[in-house]
Amino acid sequence: EPEVTQTPSHQVTQMGQEVILRCVPISNHLYFYWYRQILGQKVEFLVSFYNNEISEKSEIFDDQFSVERPDGSNFTLKIRSTKLEDSAMYFCASSSRPGQGDTQYFGPGTRLTVL
Amino acid sequence: GEDVEQSLFLSVREGDSSVINCTYTDSSSTYLYWYKQEPGAGLQLLTYIFSNMDMKQDQRLTVLLNKKDKHLSLRIADTQTGDSAIYFCADSTLTFGKGTMLLVSP
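Below, the structure is looked at part by part. Model, not experiment: these values are computed from the prediction. (Residues numbered from 1 in each chain as written. Chains lettered and ligands numbered in written order. Predicted model: local features only at pLDDT ≥ 70, side-chain atom pairs only at ≥ 80, totals over all residues. Heavy atoms only, no water.)

A separate point is the overall build of chain B. Within chain B one finds zero helices and ten strands. Its helices and strands in sequence order give chain B the pattern β-β-β-β-β-β-β-β-β-β, from N to C terminus. Here chain B has a C-alpha radius of gyration of 13 Å; the compact-globule value for 106 residues is 13 Å, and the two agree. Projected onto its principal axes, the C-alpha positions of chain B cover 40 × 25 × 20 Å. Counting all 106 residues of chain B, 42% fall into the buried class. (Helix = DSSP H or I, 4+ residues; strand = E, 2+ residues; numbered from the N terminus. Rg over C-alpha atoms; globule rule 2.2 N^0.38 Å. Buried < 20%, exposed > 50% of the residue type's maximum accessible area, 1.4 Å probe, protein only.)

What follows deals with the environment of L65(B). Relative to the helices and strands, L65(B) resides in strand β7 (residues 61-66). Spatially, the C-alpha atoms of L65(B) and A41(B) are 27 Å apart, while their sequence positions differ by 24 residues.

Here we come to the sheet that holds strand β2 (residues 9-13) of chain B. All names here are of chain B. With mixed pairing, five strands are arranged side by side in an open sheet as β2-β10-β9-β4-β5. Taken across any chain shown, the strands that pair with only one partner, and hence form the sheet edges, are β2 and β5 (43-50). When the angles between neighbouring strand axes are averaged without regard to direction, this sheet yields 25°. As paired elements, strand β9 (residues 85-90) and strand β10 (residues 100-105) share three bridges and run antiparallel to each other. (Pairing = 2+ DSSP bridges. Axes fitted to C-alpha atoms, helices over the stretch in contact; angles between N-to-C directions.)

The subject of this paragraph is the nonpolar core. Residues W34(A), L46(A), F61(A), V67(A), F75(A), L77(A) and Y90(A) are the most contacted members of the largest nonpolar core, which totals 23 residues. Contributing elements (two or more residues each) for this core: β3 (19-24), β4 (31-37), β5 (43-50), β7 (65-68), β8 (75-79), β9 (88-95) and β11 (110-114) of chain A. With near-sequence residues (within four places) excluded, V67(A) lies in contact with W34(A), V47(A), F49(A), I54(A), F61(A), F75(A), T76(A) and L77(A). In terms of nonpolar packing, the next biggest core, distinct from the first, is built from 19 residues, V4(B), L61(B), L72(B) and I76(B) among them. (Core = buried A, V, L, I, M, F, W, Y, C linked by side-chain atoms within 4.5 Å. Contact = heavy atoms within 4.5 Å.)

A separate point is the interface of chain B and chain A. Accessible area lost on assembly of the parts is the figure often given for the size of an interface. Listed as interface residues are 19 residues of chain B and, on the opposing side, 15 residues of chain A. Summed over both partners, the interface of chain B with chain A comes to about 1,400 Å²; 58% of that surface belongs to carbon and sulfur atoms. In this assembly, chain B and chain A are joined by two salt bridges. Note that K42(A) and E5(B) form a salt bridge whose closest N and O atoms lie 3.9 Å from each other. Remark: the boundary between chain B and chain A carries two residue pairs in polar contact (both at pLDDT 80 or more). If you list the elements that add at least two residues to the side of chain B that touches chain A, you get β1 (4-6), β4 (31-37) and β5 of chain B. Looking at the side of chain B that touches chain A, its residues break down into eleven nonpolar, five polar and three charged. (Buried area = accessible area lost by both parts, 1.4 Å probe. Salt bridge = Lys/Arg side-chain N within 4 Å of Asp/Glu carboxyl O. Polar contact = N/O pair within 3.5 Å; in protein donor to acceptor, adjacent residues only side chain to side chain. Nonpolar A, V, L, I, M, F, W, Y, C, P; charged D, E, K, R; others polar.)

Right, let's get into the pattern of salt bridges. As enumerated under the stated definition, the model contains six salt bridges over all chains in all. Where E44(A) meets R36(A), a salt bridge forms, and the shortest distance between an N and an O atom there is 3.1 Å. For E44(A), a relative accessible area of 23% puts it in the partly exposed group. Ionic pairing is found between K36(B) and E38(B), a salt bridge with its closest N-O pair at 3.1 Å. The exposure class assigned to K36(B) is buried, which follows from its relative accessible area of 9%. Connected through salt bridges with shared partners, the residues K42(A), D3(B) and E5(B) form a single ionic network.

Laid out in structure tokens, this is it:
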């Protein structure tokens with residue numbers, strides 16, 4: 001069964017450093033998403049991406065964040081200058097159709113720890 | 001903004017039924033979802049219900065929707081130890097609740 005994969009599974013970084021979280025969505029999907037889950041808190045929507053541009057973003061997704069689809073398979077989330085409060089689990093998701101959760105497939109997540 | 005709330009913890013014995021409850025505020029939600037998260041894993045869509053339905057059954061899972069009260073529940077029949085996980089409720093905009101940790105003891 002096709003699945004979304006994410007690397008690394010755990011990333012530790014120093015405050016102020018840049019990190020890139022990588023995702024490989026399901027190959028025939030066209031819509032891509034990033035979510036984050038701070039420990040003990042809710043899963044929060046960050047951004048959705050379609051046709052090589054951001055289609056929607058939350059207020060969390062400020063200028064420190066960017067997304068990119070550098071090639072035909074990867075979808076990345078970059079945090080330019082990490083802060084302690086960026087420590088969270090980051091989930092990538094992809095879907096073949098927009099706005100319907102029944103087609104959003106989630107990856108296993110990357111745990112980001114900012115020291 | 002819209003909000004989704006759920007109880008944080010539920011403990012049951014194997015073989016019992018589990019009922020996880022959720023309330024939401026977005027009255028325009030057309031779909032409501034239940035996701036399961038096992039330790040170290042991503043979010044797995046378990047089931048969903050369309051807002052014009054009040055019940056949906058899928059094998060051991062039963063979803064009940066009270067649209068008037070904006071209340072959603074997930075019932076798991078004959079709960080197994082493998083059902084131990086965190087269960088998230090989400091509305092159409094994928095605003096998630098904090099998750100309910102279900103612990104199933106033998």
